[in-house]
Each structure stands twice: as structure tokens, then as C-alpha cells.
Amino acid sequence: YLALLRLPSAAPLTLWAALARLQYGVLPLATLLLLADVRGSYAEAGAVTAAVWLTAGLLGPLRARAADRFGHGRVLVVAAVAYALGIGLLLLLATAPLPLLVAAALLAGCLPPPVGPVMRAAWRDITRDEPPSLRAAFSLDSVAEEVLYVVGPLIAAIAVARLAPGPVLIASSLLLLLACLGMAVVLRTLRDAVGD
């Protein structure tokens, strides 16, 4: 893994992707806790949170295809901005009637940036498609993703205990946007290097 991370663009891209993926562990719990606090109902908060991640999961392949078609960096940044706006909409509508809030949640779930698919595509360029290196890269990528999905809710719980859910949700959305911007910059450098 250390040799892999010494390849050009590998370490910075992995770090930015880790920051982005960490937010996918933070956002669901922060959303749930915020809505449960505002609405006084874990059932309603769970329904809204589930709606976000239902469409996020179902439309994941379409967002990955869009990244392949329109450019990985471009789609990451546009989706991160749109997703931050979607999370902001959820905050604004937190006290709205449940059907309206669920509709907003379904919309927000259409927007998360396709960090995982973009990262896996980038590994092909970083490793120059060499099978041993590519297998190690996919292994590293899988381990990192799973660890971050486990650590994310822990960080969310600690942050919400110290702050309120709203600031955690906003900060997490902004960190996801920052991470996607960072990924886009490294991807441009990688694309230029591969093109040489």
C-alpha cells in the first residue's frame, strides 16, 4: 500500500477521497439527529433520512455514468454543490409537512457526488492498468471506504454531542464540497500526466 501511495497523484487523491467518504458516514446520522430533534419523532426523521439514501443508492450508477460522460472532476464539483444545496433545503424544510420534507429528501438523494466510482476509475490511470498494482489499489480503496463508513457515524455522534446537529450537517456538507474540489484539482493533474 505504501508503494502504491507513492505513485504520482495517489496520496493526495486518496486523502481527498477519504475526506469525502467520511462525510457519507457523518451525514446520515447528523440528518437523523437533526430531524428527530426538530420534529420530535424518530419515525419521521428515519423516514426522511431513508428517503435521502434510497435515491442516493438507486441513482448511484447514473451519477457514475454522468461522471464518465461529462468528466469526473466536473461532475464531482457540480454534484457536491447541488448536494450541499439539497442538504440546505432539508434544513430549511425541517418543520414542513412530512410529505414535502420527504420529497425534498428524495431530491437531495439524487445529488451526492460519485466519489467511489470516480476514485476507482482514477486508480486505473494511477496504476497504468497494471494488474498487480490495480488489484492492490482496489483493495486499498475498499478497506478505506469501509473504515470511513464505520468511523463517520462515530465522529458524527461526538460532534453532535459537542455541538448541535445543524452545524454538524452544514460543516459536513461543506467538507464534502471541499473534498470534491480537491479531488477535481488532483484529477486534472492526473489527466494531464496520463495524456503526456
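The structure contained in this document is the topic of the report that follows.

The rules behind these values
Residues numbered from 1 in each chain as written. Predicted model: local features only at pLDDT ≥ 70, side-chain atom pairs only at ≥ 80, totals over all residues. Heavy atoms only, no water. 1 Å grid on protein atoms, 1.4 Å probe; cavity = no way out; pocket = protein on both sides within 12 Å on 5 of 7 lines; lining within 4 Å. Points joined across faces, edges and corners; volume = space filled by probe spheres on them. Helix = DSSP H or I, 4+ residues; strand = E, 2+ residues; numbered from the N terminus. Nonpolar A, V, L, I, M, F, W, Y, C, P; charged D, E, K, R; others polar. Core = buried A, V, L, I, M, F, W, Y, C linked by side-chain atoms within 4.5 Å. Buried < 20%, exposed > 50% of the residue type's maximum accessible area, 1.4 Å probe, protein only. Contact = heavy atoms within 4.5 Å.

1. A look at the layout of surface pockets
One water molecule sets the probe size; rolling that probe over the atoms shows where empty space is left.
Argument step 1. Each pocket or cavity is described by its volume, and for the largest pocket that value is around 390 Å³.
Argument step 2. Lining the largest pocket are 19 residues, with His72, Gly73, Leu187, Arg188 and Arg191 sitting closest to its centre.
Argument step 3. At the level of elements, helix 4 (60-70), helix 5 (72-92), helix 7 (115-126) and helix 9 (165-195) are the ones that each hand at least two residues to the lining of the largest pocket.
Argument step 4. Counting residues per element, the lining of the largest pocket draws most heavily on helix 9, at eight residues.
Argument step 5. Tallied by class, the residues present in the lining of the largest pocket amount to 11 nonpolar, three polar and five charged.
Argument step 6. Its volume calculated, the second largest pocket comes out at about 250 Å³.
Argument step 7. Tyr24, Ala56, Arg63, Pro113 and Tyr149 are, among the 16 residues lining the second largest pocket, the residues nearest its centre.
Argument step 8. At the level of elements, helix 2 (10-39), helix 3 (42-58), helix 4, helix 7 and helix 8 (131-162) are the ones that each hand at least two residues to the lining of the second largest pocket.
Argument step 9. Of all the elements, helix 7 adds the most residues to the lining of the second largest pocket, at four residues.
Argument step 10. The residue inventory of the lining of the second largest pocket, partitioned by class, reads nine nonpolar, three polar and four charged.

2. Observations regarding the nonpolar core
A general feature of soluble globular proteins is that nonpolar side chains tend to end up buried together.
Argument step 1. Formed by 51 residues in total, the largest nonpolar core has its most connected members in Leu13, Leu76, Leu90, Val115, Trp123, Leu176 and Met183.
Argument step 2. Among the secondary structure elements, those contributing two or more residues to this core are helix 2, helix 3, helix 5, helix 6 (98-108), helix 7, helix 8 and helix 9.
Argument step 3. Top contributing element to this core by residue count: helix 2, with 11 residues.

3. What to know about the environment of Ala105
Argument step 1. Tracing the backbone shows Ala105 in helix 6.
Argument step 2. The sequence separation of Ala105 and Gly40 amounts to 65 residues, and the corresponding C-alpha distance is 18 Å.
Argument step 3. Residue contacts for Ala105: discarding those within four places in its chain leaves Val48, Ala51, Val52, Thr55 and Leu90.

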